[in-house]
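# Tertiary structure, described
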Amino acid sequence: MLAVAAAAAAAAAAAAARATRRSMISSAAAAVHKTNPVGTSTFVALRGLDPLLQYKLLAGGWGRAALSAVGIRAVSPLAQAAAASPAVTLGSGLTLPLSTAILLAMAAGSSAKQIFWVTATCREEVTPGMAASVAAYNTVVNSLAAFLFLGAATSSSSSQAVRLSSSVALPLPALVGGLLYAVGMALETVSEVQRKRFKDAPANAGKVCTTGLWGAARHINYGGYTLWRTGFALAAGGWTAGLGVAAWHLWTFAARSIVVLDEYMAGRYGGQWDKYKTDVPYLLFPGIY
């Protein structure tokens with residue numbers, strides 16, 4: 001039941017996100033490079049609320065209550081505490097298992113990264129509708145991860161634990177997921193900053209950004225997003241959830257978003273884009289795909 005609900009919610013949110021990406025590409029095609037204070041403020045407000053929601057789901061009892069209301073058994077807090085150590089004490093005095101604290105940090109990090117994107121690196125206009133769509137998608141996916149983590153049948157807490165030291169232990173999916181999350185966040189953020197600096201330079205007007213990470217893969221930012229989203233799901237719901245999210249993002253980027261973006265780039269840059277595709281054959285991950 002939890003998996004079916006998760007798939008339906010993710011599909012609905014993804015449809016809205018795809019429409020948003022198409023709108024943003026259309027804005028770029030029309031050279032709409034401007035800010036929209038209402039859209040930006042909407043995005044910042046909605047993404048800023050998400051860590052609070054995730055806290056309530058993971059640590060405030062909302063998630064367990066929601067699972068109980070639909071007849072899904074939640075994993076025991078004692079089992080989660082036993083799977084990860086040491087416990088982490090928040091400023092409020094609340095003590096959480098390390099794996100729970102990691103998920104909260106991932107949710108907060110995703111909000112902070114995307115707020116940085118919309119306020120510092122995004123060159124296209126973000127309308128209130130776009131802001132609501134992107135924020136809704138990320139909140140839905142983060143919340144589904146929280147429910148997977150709390151569900152007895154889906155939680156990564158039931159996976160094999162790895163002892164990193166005499167006092168630190170984590171379920172293996174949480175460890176691997178954390179590493180993927182960190183690498184993905186770095187790739188996406190650094191590539192977007194590099195592109196913004198390239199585009200802001202007057203000498204680069206009308207040129208395709210091929211410097212830095214963009215010389216390794218044509219859509220390296222999408223690759224970074226795929227990695228950290230996979231890491232988030234892996235840390236929450238284990239190997240099946242991680243593989244499912246990876247497959248979903250690889251498919252939606254390769255079969256949908258990149259196709260639309262490629263058409264736009266070919267129309268705008270012509271032979272320059274064709275040469276870039278020849279010089280940089282990889283879509284998302286350098287040397288792999």
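Here is a short report on the structure shown in this document. (Residues numbered from 1 in each chain as written. Predicted model: local features only at pLDDT ≥ 70, side-chain atom pairs only at ≥ 80, totals over all residues. Heavy atoms only, no water.)

In terms of regular secondary structure, the chain is built from nine helices and four strands. Listing the helices and strands of the chain from first to last along the sequence gives α-α-α-α-β-β-α-α-β-β-α-α-α. Counting across all 289 residues of the chain, residues that qualify as buried make up 45%. The contacts of the chain with a sequence gap of at least 6 include a subset with a gap of at least 24, amounting to 77%. (Helix = DSSP H or I, 4+ residues; strand = E, 2+ residues; numbered from the N terminus. Buried < 20%, exposed > 50% of the residue type's maximum accessible area, 1.4 Å probe, protein only. Contact = heavy atoms within 4.5 Å.)

The next point concerns the packing of helix α6 (residues 128-150) against helix α8 (residues 220-269). Two numbers describe how α6 lies on α8: the axes approach to 14 Å, and their chain directions differ by 20 degrees. Looking at the two axes, α6 sits roughly parallel to α8. Residue-level contacts link Tyr137, Asn138, Val141, Asn142, Ala145, Leu148 and Phe149 of α6 to Tyr225, Trp228, Arg229, Phe232, Ala235, Ala236, Gly237, Ala241, Trp248 and His249 of α8. Of the residues that constitute the contact of α6 with α8, the class distribution is 12 nonpolar, four polar and one charged. (Axes fitted to C-alpha atoms, helices over the stretch in contact; angles between N-to-C directions. Parallel < 35°, antiparallel > 145°, perpendicular 65-115°, else oblique. Nonpolar A, V, L, I, M, F, W, Y, C, P; charged D, E, K, R; others polar.)

Mapped onto the secondary structure, asparagine 36 falls in the loop between α1 (2-29) and α2 (37-58). When its relative accessible area of 15% is taken as the criterion, asparagine 36 is described as buried. With near-sequence residues (within four places) excluded, asparagine 36 lies in contact with Glu125, Val126, Thr127 and Pro128.

Core analysis: the largest hydrophobic core is formed by 43 residues, its most contacted members being Leu58, Leu103 and Phe232. If you tally residues by element for this core, the top one is α8, at 14 residues. When neighbours within four sequence positions are excluded, leucine 58 is seen to be in contact with Thr100, Leu103, Leu104, Ala146, Phe149 and Leu150. With eight residues, the next largest nonpolar core counts Phe43, Val126, Met130 and Ala131 among its residues. (Core = buried A, V, L, I, M, F, W, Y, C linked by side-chain atoms within 4.5 Å.)

For the coordinates displayed, the defined rule picks out eight aromatic pairs. Here the aromatic rings of tyrosine 225 and phenylalanine 253 are separated by 6.2 Å at their centres, their planes lie at 80 degrees, and the arrangement is edge-to-face. On the basis of relative accessibility, which here comes to 9%, the residue tyrosine 225 falls in the buried class. (Phe/Tyr/Trp six-rings, centres within 6.5 Å; stacked < 30°, edge-to-face > 60°.)

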